[in-house]
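# Structural overview
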Amino acid sequence: MSIFILEDHVIQAQNLKKLIEQICLEQRIPYDFIEATSKYEEILEKIAHCTYTPIYFLDIEIKQEERKGLDVAQEIRKVDQQGIIVFVTTHSELAPISYQYMVSALTFIDKNAPSTARKQRVESCLQHYVVKNGMTQQEDYLLIENAHTTIKVPFQEIEYVMTDEPHRLKLMTTNRLIQFYGTLKEIEQYDARLIRCHKSYLVNVQQVQELDSKNGELLLLSGKKIPVSRRLLKPIKELIGQRDKREW
């Protein structure tokens, strides 16, 4: 999946990009890149070089041109008849007009809708792409087996693992807590994405939203915070940088 975002508001563009990354992580949807830009020319130039059929999230109003996104959609259709076009806008009143442009848009996403509703619409668009293009969603589990227990957890649900008491651990996921016997040193060997951030914590690097160096904390996608040892600040920052370059 190749994903383009046309948005001239920097914060809104980054928020949508993070939301799509989060959904792809949660739903195990593979993609080769997500590009957010305010320059529609960059999108048009790169379409021919895409390995996979793109999905486009287009703001309708670009640089105070109220219908620019509709014009861009027409230009996209001249070179890409199969890609999925989604309009993201505050101008929901333009929905009926969009049919006049004959670009076969999938849907509209209202920027002013509640965050939960926006996420559901974006998720529906990505799932529509998966079905339309016959993609196979990746099975990605952490399987822990030792003399005491066997645990199989979808990796995208794992937030962190922490020491509870000697030889006993807590594995925190997005929706449950799992307690089992073992050591962090053992668990650290299971997957390179589980990284040491503190003597008592391993964190799933894919769940990290932000590193707060001043307070020695990691902010996770769920809003939870876990500690970071001062001596590990630099390597953690480097690992997050590798992740953001799609090296994970």
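So, a few notes on the structure that sits alongside this text. (Residues numbered from 1 in each chain as written. Predicted model: local features only at pLDDT ≥ 70, side-chain atom pairs only at ≥ 80, totals over all residues. Heavy atoms only, no water.)

## Section: the overall build of the protein
Looking only at helices and strands, the protein has seven helices and 15 strands in total. Along the first, second and third principal axes, the C-alpha set of the protein runs to 65 × 40 × 35 Å. Residue pairs at least 24 apart in sequence account for 54% of intrachain contacts in the protein once pairs closer than 6 positions are excluded. Surface accessibility of the protein: about 13500 Å² in total, with carbon and sulfur atoms responsible for 46%. One finds the centroid of the 33 positive side-chain charges in the protein at a distance of 5 Å from the centroid of its 35 negative side-chain charges. (Helix = DSSP H or I, 4+ residues; strand = E, 2+ residues; numbered from the N terminus. Contact = heavy atoms within 4.5 Å. Areas by Shrake-Rupley, 256 points an atom, 1.4 Å probe, with all protein chains shown as cover. Lys, Arg positive; Asp, Glu negative; His and termini not counted. Charge placed at Lys NZ, Arg CZ, Asp CG, Glu CD.)

## Remarks on the sheet that holds strand β4 (residues 84–89)
Pairing is parallel across the open sheet formed by five strands, whose spatial order is β2-β1-β3-β4-β5. Whereas interior strands pair on both sides, the edge strands pair on one side only; in this sheet they are β2 (33–37) and β5 (107–110). With strand direction ignored, the average angle separating the axes of adjacent strands in the sheet is 20°. In terms of strand pairing, strand β1 (residues 2–6) meets strand β3 (residues 54–59) through five bridges, oriented parallel. Residue pairing across strands places I3 opposite I55, the latter belonging to β3. Packing against the sheet, helix α5 (residues 115–132) makes contact with β1, β3, β4 and β5, and its axis sits at approximately 155° to β5. (Pairing = 2+ DSSP bridges. Axes fitted to C-alpha atoms, helices over the stretch in contact; angles between N-to-C directions.)

## Let's talk about the environment of K199
Tracing the sequence through the fold places K199 in the loop between β11 (194–198) and β12 (201–204). Judged by its relative accessible area of 64%, K199 is exposed. Taking the C-alpha atoms as reference points, K199 and D71, 128 residues apart in sequence, are found 55 Å from one another. In this structure K199 touches L184 and S229, once residues within four positions along its chain are discounted. (Buried < 20%, exposed > 50% of the residue type's maximum accessible area, 1.4 Å probe, protein only.)

## Re the nonpolar core
Grouped together as the largest cluster of nonpolar side chains are 23 residues, with contacts concentrated most on M1, I3, I20, I55, F57, V122 and L126. Every element with two or more residues in this core is listed here: β1, α1 (10–27), β3, β4 and α5. Setting aside anything within four residues of it in sequence, one finds L126 in contact with M1, I20, I23, C24, I29, I55 and F57. Counting 20 residues, the second-largest nonpolar core is a separate cluster that includes F4, I43, I62 and Y101. (Core = buried A, V, L, I, M, F, W, Y, C linked by side-chain atoms within 4.5 Å.)

## Concerning α5
Across its 18 residues, α5 extends 26 Å between first and last C-alpha, which sits within 8% of the 26 Å expected from 1.5 Å per residue. Every buried residue of α5 is accounted for by V122, C125, L126, Y129 and V130. Along the long axis of α5, the arc covered by the buried residues comes to 145°, so they all point the same way. Seen from the buried face of α5, the exposed residues on the opposite side, beyond 90 degrees, are T116 and V131. (Expected span 1.5 Å × (residues − 1). Arc of directions from axis to C-beta.)

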